[in-house]
Amino acid sequence: MAELRPSGAPGPTAPPAPGPTAPPAFASLFPPGLHAIYGECRRLYPDQPNPLQVTAIVKYWLGGPDPLDYVSMYRNVGSPSANIPEHWHYISFGLSDLYGDNRVHEFTGTDGPSGFGFELTFRLKRETGESAPPTWPAELMQGLARYVFQSENTFCSGDHVSWHSPLDNSESRIQHMLLTEDPQMQPVQTPFGVVTFLQIVGVCTEELHSAQQWNGQGILELLRTVPIAGGPWLITDMRRGETIFEIDPHLQQERVDKGIETDGSNLSGVSAKCAWDDLSRPPEDDEDSRSICIGTQPRRLSGKEQIRETLRRGLEINSKPVLPPINPQRQNGLAHDRAPSRKDSLESDSSTAIIPHELIRTRQLESVHLKFNQESGALIPLCLRGRLLHGRHFTYKSITGDMAITFVSTGVEGAFATEEHPYAAHGPWLQILLTEEFVEKMLEDLEDLTSPEEFKLPKEYSWPEKKLKVSILPDVVFDSPLH
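Residues numbered from 1 in each chain as written. Predicted model: local features only at pLDDT ≥ 70, side-chain atom pairs only at ≥ 80, totals over all residues. Heavy atoms only, no water.

A. Inspection of the overall build of the protein at higher detail. Secondary structure assignment for the protein yields eleven helices and 21 strands. Counting all 483 residues of the protein, 55% fall into the buried class. Intrachain contacts of the protein at a sequence separation of at least 6 include 70% that bridge at least 24 residues. As displayed, the protein offers around 20,400 Å² of accessible surface, 51% of which is attributable to carbon and sulfur atoms. (Helix = DSSP H or I, 4+ residues; strand = E, 2+ residues; numbered from the N terminus. Buried < 20%, exposed > 50% of the residue type's maximum accessible area, 1.4 Å probe, protein only. Contact = heavy atoms within 4.5 Å. Areas by Shrake-Rupley, 256 points an atom, 1.4 Å probe, with all protein chains shown as cover.)

Rendered as structure tokens:
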């Protein structure tokens, strides 16, 4: 539960919001991490010292369900001359270390990230006559924060979140999110480390798919060039009824399709409803079986690969599946995109963390059966065309447990699957090496996956000469404990 109040309203857990000119008495009582972020807010909004806030009634560190202590809401006048409309600016407090006393985050020093190293922001176009900011974005931010806290996974610029429902529970086409740097908020050095600000950007399904097929940063740049789709500050308009490709059809062919062909996709993996069976093992041989029972709640890959059951309580509150990517490399707690390479390596990004049981021997398999739900299966052409044909790899990580399926090309270093033994398993981690010739064949046979609404489930594809079978199954199959 949360309550709405001015940030300056008296209360037992929230003293008045101080800025650079706050009286010393307030500054000494105010949590130092919170004080530092408020200072940045006051820099941008000196005329709004006490904005409306949504605050958790019972703080997370006291057993409450909401990880964010506060979400402040400011009125931004924009800049009509620069195609920046007036909007509401939401800023979270709690993903970073506000207190420095280990009640929420472990204090690790001042040089690295504070807490998770970032706070979330969101810019929502102000409707004509709207005198107060809607509060639904605060709950959206709480949902994302629950995910971060429960998975210990962080977001970075260019990430996407598949939400599969209008962000405001209306009939809007804005049903997914991309993440980028906030255009105004500067990184803040607090006594507990550095805090950066990641802005949530609402996007349509077609724009999300293009971000998956190509990359999030490329789609964000296109959104910046279309004023009604975001403009320079990527302001979300829930009333937007057209995608950027409907507004400007040339963007798809001249920018996205060309980008996919030239760059491939920088999406290196997803959490998914998936499973695999070793068809070369007799059914009665249960030793080290790798047939995995898949649960019902999607999870994004954890940077530490500690997928926890508590994550179920996070985004489940919104009843929306989530299918975001593996994070890129991180250095010093910050995200850095890796330049595409024809000679990719499993040692070069977070896929190495998928190896679950270091002491389990690697086994070569003769024949395998892969199983995906419809949403996961629809990404197989992306895996093949956008990743393997560019000399890279792609991982499906089970939404429960530590099972994973990684497709690798012949140019990937560090793989235990080889051309001689293309199917290899290390514990519950299966690797499948596909030659370029076989990838092209699979793309022809799997062409109908690009229009999944046109075929009925279950759907099966088989390549007997390769001893490989792929099944696309209804969600209910994966949800069954008997699977």
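B. Representation of the sheet that holds strand E18 (residues 423-426). The strand order across the open sheet built from six strands is E10-E16-E17-E19-E18-E14, with neighbouring strands paired in mixed fashion. Of all strands in the sheet, those with a lone pairing partner are strand E10 (269-272) and strand E14 (362-364), marking the two edges. Going across the sheet, the axis of each strand differs from the next one's by a mean of 20°, ignoring polarity. The sheet contacts of helix H9 (residues 380-387) involve strand E16 (393-398) and strand E17 (404-408), and relative to E16 the element is tilted by about 155°. (Pairing = 2+ DSSP bridges. Axes fitted to C-alpha atoms, helices over the stretch in contact; angles between N-to-C directions.)

C. Representation of unusual backbone geometry within the structure. Cis geometry marks the peptide bond from Leu-457 to Pro-458; its omega dihedral reads 0°. Within the fold, Pro-458 resides in the loop between helix H10 (436-445) and strand E20 (459-463). For Asn-102, which is not glycine, the phi dihedral falls at a positive 70°. In this fold, Asn-102 is placed in the loop between strand E4 (87-93) and strand E5 (113-125). In this model, Lys-467 sits at a positive phi of 55°, which is unusual for a non-glycine residue. Residue position: Lys-467 is located in the loop between E20 and strand E21 (468-473).

D. Structural context of the pairing of strand E11 (residues 274-278). In terms of burial, E11 is a largely internal element, five of the five residues being buried. Residues Cys-274, Trp-276 and Asp-278 point to one face of E11 and Ala-275 and Asp-277 to the other, with burial holding for every one of them. By the bridge criterion, five bridges tie E11 to strand E15 (residues 368-373) in an arrangement that is antiparallel. By the bridge assignment, Trp-276 is partnered in E15 with Leu-370.

E. Up close: the side chain of Thr-236. For Thr-236, the position within the fold is in the loop between helix H5 (216-225) and helix H6 (244-247). A polar atom in the side chain of Thr-236 sits 2.9 Å from the backbone nitrogen of Gly-202. Look past the residues within four positions of Thr-236 in its chain and what remains in contact with it is Phe-122, Arg-123, Leu-124, Lys-125, Ile-174, Ile-200, Val-201 and Gly-202. (Polar contact = N/O pair within 3.5 Å; in protein donor to acceptor, adjacent residues only side chain to side chain.)

F. Focus on the packing of H9 against H10. Running from amino to carboxyl end, H9 crosses H10 at an angle of 145°, the nearest separation of the two axes being 10 Å. With respect to the hand of their crossing, H9 and H10 are arranged in left-handed fashion. Residues Pro-381, Leu-384 and Arg-385 of H9 form the contact with H10, whose participating residues are Val-439, Met-442 and Leu-443. For the contact of H9 with H10, a count of residues per class yields five nonpolar, no polar and one charged. (Left-handed = near helix turned anticlockwise from the far one by under 90°. Nonpolar A, V, L, I, M, F, W, Y, C, P; charged D, E, K, R; others polar.)

G. The packing of aromatic side chains, seen in detail. Counting across every chain of the model gives 16 aromatic pairs. Summarising the aromatic geometry, the rings of Phe-118 and Phe-155 are spaced 6.3 Å apart at their centres and angled 65° between planes, so their arrangement reads as edge-to-face. In this pair, Phe-118 sits in strand E5 while Phe-155 sits in the loop between helix H3 (136-151) and strand E6 (160-162), placing the two residues 37 residues apart along the sequence. Just as Phe-118 is buried, Phe-155 falls in that class too. It is Arg-103 that lies over the ring of Trp-61; its NZ or CZ is 4.4 Å from the centre. The ring of Phe-438 is capped by Lys-466, whose NZ or CZ atom sits 5.2 Å from the centre of that ring. (Phe/Tyr/Trp six-rings, centres within 6.5 Å; stacked < 30°, edge-to-face > 60°. Lys NZ or Arg CZ within 6 Å of the ring centre and 35° of its normal.)

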